[in-house]
Amino acid sequence: MRVAFVSETTAHHRETGATRRTRRTAEALVERGHDAVVCCAKWWDGDHETFEQRGVTYRAVTDRPARDARRFAVSLPAALRAADPDVIQVSPASPGHVLAAKAAGVAVRAPVVVDWYDSPDPGDSEDPLWRLAARLPELVLAPSETVRTRIRELGADGEAVRVVPNAIDLDEIRAAEPREVADVVYSRRLDEDANLESLLLALAELRDRDWSAVVIGDGPERDVYERQVRDLRIEDRVSFAGDQPLENRLAAFKGAHVYAQTARRESFPTDLLRALACGCAGVVEYHVDSSAHELVEQEDRAFRTTSEQELTDALVAAAEMEPMTYNENFTEFDESAVLDKYLAAYDEAGERLSWVEPAAVAGGVLVVLALVALLIVAL
């Protein structure tokens, strides 16, 4: 199978949850024996239109990411025709990318799958172009039920939205050696949604107990949280490790007793999943825009909290659990199992496309191209 990914920005431009997911999926397909082409803005040196890395072919649609979505959308159909895909998978940075991919997909008879990693913004539900982008693909994928719900609210057919979670490498987790860095671990980018203050306040309530905590990750709010640690007078208990490679994070998870997840917004908390698989007891603060609670609803070694007092009590209860270095309850998230979900989604999308009669396809080309033209004018 030949899969063409549409992602103007890649992990080579900027590391985000969406770009990391696209790269992992493309590389996993290649390892399984499939072909993967990423249609993107150019990130490599030289004047060649394609570049290969880890078996994945990257095809330049534009010279660089641009603020104006029209350039990428206009050039995308030609790049996709050159890629000659069996399936097109789009990361929806803008509705124009989805509509342009759909136009190309209709022309080359390839189904379009949208991998919608981040929840749509509330204002998107009022935008007819975003609503169209949610309805046109043969299938829409979401990393969690939380994101799936938001996509359905945008207008997508509920029968055409599937949950495909992020994957983790269980072999790598089993092989990781524990390192006793701290009793409690928090791991996430420290941005406006990190909500680390909830954990710090709960830990401050337990200053009469013996504990240590490490915060892994960096971001614009780090200085604020470091100041809060000093104000709470727990700076001798809490350390900030900054960004760490996966090997170091796994070692810290295996050596810790508790992993805390308090972020307000999270499409899929991959490090929480890794920590649970590493045997950590999980403490999750529930937020309506975070999917973290989905990972712990059926897990005995985890707690879901909705108040500051519940969070404090959960930290105490989690600390009293027997230590583990591997939890076998998360095999469904292994890389091989998740890739099977993608392949099944591609097959289903192809079956949905095959329902369309050839005459309807010809008409569809005209309709979608007209929609793209309208989009270009609107932008």
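Since we're looking at a predicted model, the values are computed, not measured. (Residues numbered from 1 in each chain as written. Predicted model: local features only at pLDDT ≥ 70, side-chain atom pairs only at ≥ 80, totals over all residues. Heavy atoms only, no water.)

(A) Looking closely at the nonpolar core. In terms of nonpolar packing, the biggest core is built from 31 residues, with Val6, Leu76, Leu80, Ile88, Val90, Trp116 and Ile151 touching the most fellow members. The element best represented in this core is helix H2 (residues 69-83), accounting for 6 residues. For Ile88, the residues in contact, after removing those within four places along its chain, are Ala4, Val6, Leu80, Ala101, Gly105, Ala110, Pro111, Val112 and Val113. (Core = buried A, V, L, I, M, F, W, Y, C linked by side-chain atoms within 4.5 Å. Buried < 20%, exposed > 50% of the residue type's maximum accessible area, 1.4 Å probe, protein only. Helix = DSSP H or I, 4+ residues; strand = E, 2+ residues; numbered from the N terminus. Contact = heavy atoms within 4.5 Å.)

(B) Quick look at the environment of Thr57. Position of Thr57 relative to the elements: it lies in strand S4 (residues 56-62). Residues Thr57 and Glu27, spaced 30 residues apart in sequence, show a C-alpha to C-alpha distance of 10.0 Å. In this structure, Thr57 is in contact with Ala36, Val37, Val38, Thr50, Phe51 and Glu52, ignoring residues within four places of it in sequence.

(C) Seen up close, helix H4 (residues 128-135). Turning to H4, its buried residues number three or more, namely Trp130, Leu132, Ala133 and Ala134. Near the N-terminus of H4, the side chain that reaches the backbone nitrogen of Leu129, with its oxygen 2.9 Å away, is that of Asp127. (Polar contact = N/O pair within 3.5 Å; in protein donor to acceptor, adjacent residues only side chain to side chain.)

(D) Summary view of a negative patch on the surface. On the surface, a cluster of negative charge is made up of Glu31, Glu172, Glu247 and Glu335. Relative to the helices and strands, Glu31 resides in helix H1 (residues 17-31). (Patch = residues over 30% accessible without salt bridge, like charges linked within 9 Å, V, L, I, M, F, W, Y side chains within 5 Å. Areas by Shrake-Rupley, 256 points an atom, 1.4 Å probe, with all protein chains shown as cover. Salt bridge = Lys/Arg side-chain N within 4 Å of Asp/Glu carboxyl O. Lys, Arg positive; Asp, Glu negative; His and termini not counted. Charge placed at Lys NZ, Arg CZ, Asp CG, Glu CD.)

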